[in-house]
Amino acid sequence: MAPKYTAAQKVKQFASLAVTGSIAFSGICLYKQDENFYRGLMKKLHILDPEHAHRISVFLLSNRINPRCKLEDTEAMKSKVFGREFSNPVGLAAGFDKHGEAVLGLQDIGFGFVEVGSVTPLPQDGNPKPRVFRLSEDEGVINRYGFNSDGHEVVHERIKLLRATNNLKTVLGINLGKNKTSADAIGDYVLGVERFGDLADYLVINVSSPNTPGLRSLQGKENLSNLIQEVVKHRDIKCPKVPLLVKIAPDLTSQDKEDIASTVLDSKSRVDGLIVSNTTVSREGLESKHSVETGGLSGKPLREKSTQTIADMYLLTNGEIPIIGVGGVGSGQDAYEKICAGASLIQLYSALVFQGPPVVTKIRRELQEILEKEGISNISQAVGSAHKNKIKNENSAT
């Protein structure tokens, strides 16, 4: 005879089955990297403090507790930029893995290159908390971290151990910053080049964070020229083959952009690439209550401004200086628009906050589909395609 259950027992059994089913379903979605599931999951996780959630994400990735990207790289997505081979053009922007803790986990989720930092010579705590704010209505993030860093020595040892494992396959960039109280900004960047020149695939001079007092003044023509010349001199001695890039702000006047272009094209202060752009101090068109917070704004609200800055710098440098485009990339179409504007590579960060790790695979897949649809055999053919006829006509006229 079949056992008889009380109403309470039946409810308990049903609840148990429902929970088990939910866990199984969630597990399948996590394993398959279901994009819609992750977007919903990330929204639920926003009950956590943003900085705490950031630290949890870094911890999980540092221990490689993360989904693995299953999308194979294609020949169409491979490129060679400033002498480095990239398996795909989708990279992680600086600011997420500030201390070089999670590079292998980030490699696992499909990034073609990872940029750690900013790293300052001496350890520093950065600005007081709270200092990170999600703008959910706008799909943006405001941060005023202020170059919180473990410092050169700790990060150098961490990256040195990483290199020794031979597990690193992705391109690794190291973004350099200055200490807040330093009286010698140039000296700080020189120290960074000397310390990390033997470990980095490329180095970045970050002179565009809005969260370190006086930093953006280094983008001025004379200051930038002096800075680059001194850093290049030491780079050429310490690590002559390591590409040197400069990261600039999106909040630049037309004259600022012209000055930067002329500086990086000058033989005395020429660099190997530009990263366009850092976060913005603009708050135009925002809906979130957190829009009043000070700091740099990233994510979707930055997309158009950064893409326009990419286009401007591509034209001002005649396409001679490779550009990494960053700011509001959340889809393959966003990435493609930046590439057509003049970016050889693209980076993202804030999209992880709202879409989770599968966004990397999603962007790569959508970008591949766009290239196929447009009949483009290699991504390099699309770089600056929105302007190439204009540059060709201007060059022929001169």
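Residues numbered from 1 in each chain as written. Predicted model: local features only at pLDDT ≥ 70, side-chain atom pairs only at ≥ 80, totals over all residues. Heavy atoms only, no water.

A. Broad picture of the sheet that holds strand 10 (residues 273-276). If you trace the eight strands once around the closed barrel, you get 3-4-7-8-9-10-12-13, paired in parallel fashion. Taking the axes of each pair of neighbouring strands and ignoring which way they run, one obtains an average angle of 25° across the sheet. Alignment of strand 4 (residues 113-119) against strand 7 (residues 171-176), held across six bridges, turns out to be parallel. By the bridge assignment for strand 7, F113 is matched with V171. (Pairing = 2+ DSSP bridges. Helix = DSSP H or I, 4+ residues; strand = E, 2+ residues; numbered from the N terminus. Axes fitted to C-alpha atoms, helices over the stretch in contact; angles between N-to-C directions.)

B. Structural context of the packing of helix 10 (residues 332-341) against helix 12 (residues 358-374). Helix 12 packs onto helix 10 with a crossing angle of 60° between their chain directions and a minimal axis gap of 7 Å. For the element pair helix 10 / helix 12, the angle class is oblique. As helix 10 runs across helix 12, the sense of the crossing is right-handed. Residues G332, Q333, A335, Y336 and I339 of helix 10 pack against I363, E366, L367, I370, L371 and E374 of helix 12. Split into classes, the residues belonging to the contact of helix 10 with helix 12 amount to seven nonpolar, two polar and two charged. (Parallel < 35°, antiparallel > 145°, perpendicular 65-115°, else oblique. Left-handed = near helix turned anticlockwise from the far one by under 90°. Contact = heavy atoms within 4.5 Å. Nonpolar A, V, L, I, M, F, W, Y, C, P; charged D, E, K, R; others polar.)

C. Molecular detail of the sheet that holds strand 11 (residues 296-299). The strand order across the open sheet formed by three strands is 5-6-11, and the pairing between neighbours is antiparallel. Strands at the two margins of the open sheet, each flanked by one partner only, are strand 5 (132-135) and strand 11. Taken over all neighbouring pairs, the strand axes of this sheet differ in orientation by 20° on average, direction set aside. Summarising the sheet, strand 5 and strand 6 (residues 140-143) pair through four bridges and their orientation is antiparallel. The residue bridging L135 from the neighbouring strand is G140, located in strand 6.

D. Layout of the pairing of strand 6. Burial along strand 6 is two-sided: G140 and I142 facing one way and V141 and N143 facing the other are all buried. In sequence, strand 5 turns back onto strand 6 through a hairpin of four residues, with E139 there showing a positive phi of about 55°. Of the strand pairs in this sheet, strand 6 and strand 11 are connected by four bridges, and their pairing is antiparallel. Pairing of V141 across the sheet is with S298, part of strand 11. (Buried < 20%, exposed > 50% of the residue type's maximum accessible area, 1.4 Å probe, protein only.)

E. Up close: empty space enclosed by the protein. Under the counting rule described, the total for this entry stands at one cavity of 30 Å³ or more. Approximately 430 Å³ is the volume found for the largest cavity. Going through the elements one at a time, strand 4, strand 6, strand 11, strand 13 (345-348) and helix 11 (350-355) are the ones with two or more residues in the lining of the largest cavity. Its residues assigned to classes, the lining of the largest cavity comprises 13 nonpolar, 18 polar and two charged. (1 Å grid on protein atoms, 1.4 Å probe; cavity = no way out; pocket = protein on both sides within 12 Å on 5 of 7 lines; lining within 4 Å. Points joined across faces, edges and corners; volume = space filled by probe spheres on them.)

F. Region of the structure containing helix 10. Of all the ten residues making up helix 10, eight are buried; the element is thus mostly covered by neighbouring parts of the structure. The complete set of buried residues in helix 10 reads G332, D334, A335, Y336, K338, I339, C340 and A341. In this structure, the buried residues of helix 10 make contact with helix 9 (303-316), strand 12 (323-326), strand 13 and helix 12. At the exit of helix 10 stands G342, carrying a positive phi of roughly 140°.

G. Examining helix 6 (residues 185-196) more closely. When the terminal C-alpha atoms of helix 6 are compared, their 17 Å separation across twelve residues agrees well with the 16 Å that a helix rising 1.5 Å per residue should span. Looking at helix 6, one finds that the buried residues are A185, G187, D188, Y189, V190, G192, V193 and F196. In this fold, the buried residues of helix 6 make contact with strand 4, helix 5 (152-165), strand 7, strand 8 (202-206) and helix 7 (221-238). (Expected span 1.5 Å × (residues − 1).)

H. Summary view of the environment of D266. Along the chain, the position of D266 falls in the loop between helix 8 (254-265) and strand 10. Exposure remark for D266: the relative accessible area of 35% places this residue in the partly exposed category. Taking the C-alpha atoms as reference points, D266 and S225, separated by 41 residues in sequence, lie 8.9 Å from one another.

I. Region of interest: the nonpolar core. Core analysis: the largest hydrophobic core is formed by 80 residues, its most contacted members being L106, F111, Y189, L203, V246, L274 and L348. For this core, the leading source of residues is helix 12, giving six residues. In this structure, L106 is in contact with L61, L92, F96, D97, F111 and V114, ignoring residues within four places of it in sequence. Within the second largest apolar cluster, 13 residues are counted, among which are F82, A93, L245 and L345. (Core = buried A, V, L, I, M, F, W, Y, C linked by side-chain atoms within 4.5 Å.)

J. Up close: the layout of surface pockets. Estimated volume of the largest pocket: approximately 640 Å³. Counting residues per element, the ones that place at least two in the lining of the largest pocket are helix 2 (35-45), helix 3 (50-62), strand 5 and helix 11. Per-element accounting of the lining of the largest pocket gives the leading share, seven residues, to helix 3. Looking at side-chain class alone, the lining of the largest pocket contains 22 nonpolar, five polar and one charged residues. In this structure, the second largest pocket occupies an estimated 230 Å³ of space. Residue lining of the second largest pocket: 14 residues in total, with D73, S87, Q107, F111 and K169 positioned closest to the centre. Looking at the lining of the second largest pocket residue by residue, the class counts come to three nonpolar, six polar and five charged.

K. Main features of the pattern of salt bridges. Summed over the entire model, instances satisfying the criterion amount to 19 salt bridges. D251 is the salt-bridge partner of K305, the closest N and O atoms lying 3.7 Å from each other. Placement of the pair is K305 in helix 9 and D251 in the loop between strand 9 (244-248) and helix 8, with a sequence separation of 54 residues. According to the relative accessible area criterion, D251 is partly exposed, its value standing at 26%. Between K257 and D312 there is a salt bridge whose closest N-O contact spans 2.7 Å. Placement of K257 in helix 8 and of D312 in helix 9 is noted, with a sequence separation of 55 residues between them. In this structure, a network of salt bridges that share partners links the residues E51, K129 and R131. (Salt bridge = Lys/Arg side-chain N within 4 Å of Asp/Glu carboxyl O.)

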